Amino acid sequence: MPTPATGLLLGLLLAACGLPLPWSWAAFLPLALILPFIAAAPTPRHAAGRAFWVGFGYFGLHLWWLGAFLVNLLGFPPLGAAAALLFALEGAFLAVAAFLATSANRTRAGRIWTLAGAWVVLEWLRFLGPLAFPWPTLGYTLLPSPAIQIADLGGVLLGSVLVTLSAASLAHAWTEWQRQGRRPLTPALLAALAWAAALGYGLTRTPGTGPEQPMRVMRTTFDAFGRATGSLTPEEQFTATRQASLNRPDGSLVIWSEGAIRAVTRPQPGQVIPDYPGPGISGVGGTDLIPLPNNQYRTEEFNTVATLDAAGRIQSVNAKAQPVPFGELFPLRPILNPIYGLLERNLGFALGSMPRNLTPTPLNLNGVLYGAYICYDSVFPRVARALAAQGAQVLVNPSNDGWYQGWGVQQHFNMGRVRAIETRRWLVRSVNNGVAGAVNDLGQPAQLVQGGKQLQTLDVRPRLLSGTTLYVRLGDWPALILALGMILYGMTRRERDF
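These numbers were taken from a predicted model, which means no experiment stands behind them.

Q: Just to check I follow, could you spell out the overall build of the protein chain for this structure?
A: On a plain count of helices and strands, the protein chain comes out with 15 helices and 15 strands. The C-alpha atoms of the protein chain give 24 Å as radius of gyration, which agrees with the globular expectation for 498 residues (23 Å, within 12%). Expressed as a percentage of the 498 residues in the protein chain, the buried residues total 56%. When the accessible surface of the protein chain is summed, it comes to about 20,500 Å², and 63% of that surface belongs to carbon and sulfur atoms.

This is the structure:
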């Protein structure tokens, strides 16, 4: 089989062991084939080529729903192939990592270990910057396994370390057997011990105890494109959502989804939202006018979440931390303006842009601190971590998953579950056309609603928890130190085995 085809097939195999598939915990097995495939390349340039095709296949299958989204968005099926540009870009990043890793090593086993560590570092880099896209992180594949509970020690990236460490150990053992005709026990034993420790830790975790806070969450079914174009008016959405919020249990908060309230100015504490059936938490979105010199103004989109009391008065506000690249944040306007203009004409609404919120803070309501973050924020561990570190007692994630379907919806929800594990907080979620419900502090769904064409509600009772996990204290450092350890171990191997 031609080398590019082999690389593409191996990438597809890795993606076929990813979320939301129930056997995703086995992702280390195809990765154990990928690492020696790249490491065996005759030159670093060839290794980069192999890694590119692996990455293209991996991202292409894992994110197949993105192409379907573009077809739905643009109404022209051939343009769905534009998603291939993202797959190629991500493949190129993996190719650069492979080039550097193989350039630094003269042994095949050393390359395997350096590649394993570099994979984790590359995943960490995908969390950074305004255009960050950390979707296919290997640590999430542990979610069907008790081993995912190690996320409270080092975040989802510590899960990635377990996956890559296991794959490198198996690949190293195979390489040594090919070279010397013997089956070395040390690498395989290392993988077995790592899994035993992770499983043992996960199986001994128990749910936290604390007071309950009744909430009503909901899954609305509004057309996302209709909301954006205005064919579905904010008043229609508000009325339907308000009606579903009435007659709830005593002491219950109502949680509305992302952008459920449309405002003409950025929400501020003390502002009253008429007829809001509080107390509760809701997404509030709209467009603000920012004054400029000489009596000029510019528009700026805002996407916020707010707590409101029983009178509909806003108590506290938090802005979205990570706007969606090319969805809420549009870089290189002068260069890409013709493309943006084409999109605006096709969509029927202007493409706004909003700043990142680099300092998310918990929301306060009746003395309780809520770690509220919006939609895409849920795939960035730093956001929930920052809120828990500031005392948030429960995580609240208003979302709008109405833009896409298929694996994307399930992946988004499942990745969000890991935020509950990392912080040991309950997570509640109200969403438009997605998965709504409550997840406990072990990341286990307590109550969910995820289908149907009618608006649905759930009355849930999450617990208010306190305390800080090792991950909340240290962040990604434990995972990064272990990843760097794999890189250094690979670079110190001197025996030639080609």
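Next comes the rest of the description.
Q: Is there a simple way to explain the pairing of strand E13 (residues 436–439) in this structure?
A: Consecutive side chains of a regular strand alternate in pointing toward one face of the sheet and then the other. Covered by surrounding structure in E13 are Ala436 and Ala438 together with Gly437 and Val439, the residues of both alternating faces. Pairing analysis gives three bridges linking strand E11 (residues 427–429) to E13, with the strands arranged antiparallel. By the bridge assignment, Arg429 is partnered in E13 with Gly437. Inspection of the sheet shows E13 paired to strand E14 (residues 445–449) by four bridges, in the antiparallel sense. Counted as the bridge partner of Ala438 is Gln447 from E14. Counting the residues that bridge the hairpin from E13 to E14 gives five residues, and of these Gly443 lies at a positive phi of roughly 80°.

Q: Please clarify how the UniProt feature "transmembrane region" (unreviewed entry) in the protein chain should be interpreted in this entry.
A: When the UniProt feature table is mapped onto this chain numbering, "transmembrane region" (unreviewed entry) sits at residues 28–44, 51–73, 79–100, 112–133, 153–173, 185–203 and 470–491. Counted over residues 28–44, helix gives 76% and strand 0%. Its end C-alpha atoms are 23 Å apart. Taken end to end, residues 470–491 comprises 91% helix and 0% strand; its first and last C-alpha atoms sit 29 Å apart.

Q: Any chance you could explain the packing of aromatic side chains here in plain terms?
A: Here a ring pair, both rings aromatic, is described through the centre-centre distance and the interplanar angle of the planes. For the coordinates displayed, the defined rule picks out 16 aromatic pairs. Here the aromatic rings of Trp53 and Phe56 are separated by 6.0 Å at their centres, their planes lie at 70°, and the arrangement is edge-to-face. Linking Trp53 with Phe56, this pair stays in helix H3 (residues 44–62), spanning three residues, or about one helical turn. With 5.2 Å between their ring centres and 80° between their planes, Tyr376 and Phe380 make a pair best called edge-to-face. Per residue, the accessibility class of Tyr376 equals that of Phe380, and both read buried. These aromatic residues form a ring-pair network of at least three members: Phe52, Trp53, Phe56 and Phe87. The lysine or arginine in question, Arg385, covers the ring of Tyr471, its NZ or CZ lying 5.8 Å from the ring centre.

Q: How should I be thinking about the environment of Ala68 in this particular structure?
A: Structurally, Ala68 can be placed in helix H4 (residues 64–74). The class for Ala68 is partly exposed, based on a relative accessible area of 40%.

Q: Explain helix H5 (residues 83–103) here, please?
A: Residues separated by three or four positions in an α-helix point in the same direction, a consequence of the helix having 3.6 residues per turn. Taking 1.5 Å as the rise per residue, H5 with 21 residues should run 30 Å; its terminal C-alpha atoms sit 31 Å apart, in good agreement. Residues of H5 that are buried: Ala83, Phe87, Glu90, Gly91, Leu94, Ala95, Ala97, Ala98, Ala101 and Thr102. Projected down its long axis, H5 carries its buried residues within an arc of 165°, all on one side. Set apart from the buried face of H5 by more than 90 degrees, the exposed residues are Leu85 and Leu100.

Q: Would you take a moment to explain the nonpolar core for this structure?
A: Within soluble globular proteins, side chains that are nonpolar tend to cluster in buried spots. Core analysis: the biggest nonpolar cluster contains 88 residues, and Leu31 and Trp135 have the highest contact counts within it. Ranked by the residues each element gives to this core, the list is headed by helix H7 (residues 151–180), at 11 residues. Other than its neighbours up to four places away in sequence, Leu31 contacts Leu14, Pro36, Trp119, Leu138, Val163, Thr164 and Ala167. If you look at the next biggest cluster of nonpolar residues, it comprises 25 residues, including Val217, Ile255, Tyr370 and Val431.

Q: How should I be thinking about the packing of helix H2 (residues 28–39) against H3 in this particular structure?
A: Two packed helices can be described by the angle between their axes and the distance between those axes. H3 packs onto H2 with a crossing angle of 150° between their chain directions and a minimal axis gap of 8 Å. Here H2 is positioned roughly antiparallel relative to H3, judged by the angle of their axes. Touching Ile34, Phe37 and Ile38 of H2 are Ala47, Arg50, Ala51 and Val54, all from H3. The class makeup of the residues in the contact of H2 with H3 is six nonpolar, no polar and one charged.

Parameters and conventions
- Residues numbered from 1 in each chain as written.
- Predicted model: local features only at pLDDT ≥ 70, side-chain atom pairs only at ≥ 80, totals over all residues.
- Heavy atoms only, no water.
- Helix = DSSP H or I, 4+ residues; strand = E, 2+ residues; numbered from the N terminus.
- Rg over C-alpha atoms; globule rule 2.2 N^0.38 Å.
- Buried < 20%, exposed > 50% of the residue type's maximum accessible area, 1.4 Å probe, protein only.
- Areas by Shrake-Rupley, 256 points an atom, 1.4 Å probe, with all protein chains shown as cover.
- Pairing = 2+ DSSP bridges.
- UniProt positions renumbered as here; feature names shortened; annotations may be inferred.
- Phe/Tyr/Trp six-rings, centres within 6.5 Å; stacked < 30°, edge-to-face > 60°.
- Lys NZ or Arg CZ within 6 Å of the ring centre and 35° of its normal.
- Expected span 1.5 Å × (residues − 1).
- Arc of directions from axis to C-beta.
- Core = buried A, V, L, I, M, F, W, Y, C linked by side-chain atoms within 4.5 Å.
- Contact = heavy atoms within 4.5 Å.
- Axes fitted to C-alpha atoms, helices over the stretch in contact; angles between N-to-C directions.
- Parallel < 35°, antiparallel > 145°, perpendicular 65-115°, else oblique.
- Nonpolar A, V, L, I, M, F, W, Y, C, P; charged D, E, K, R; others polar.

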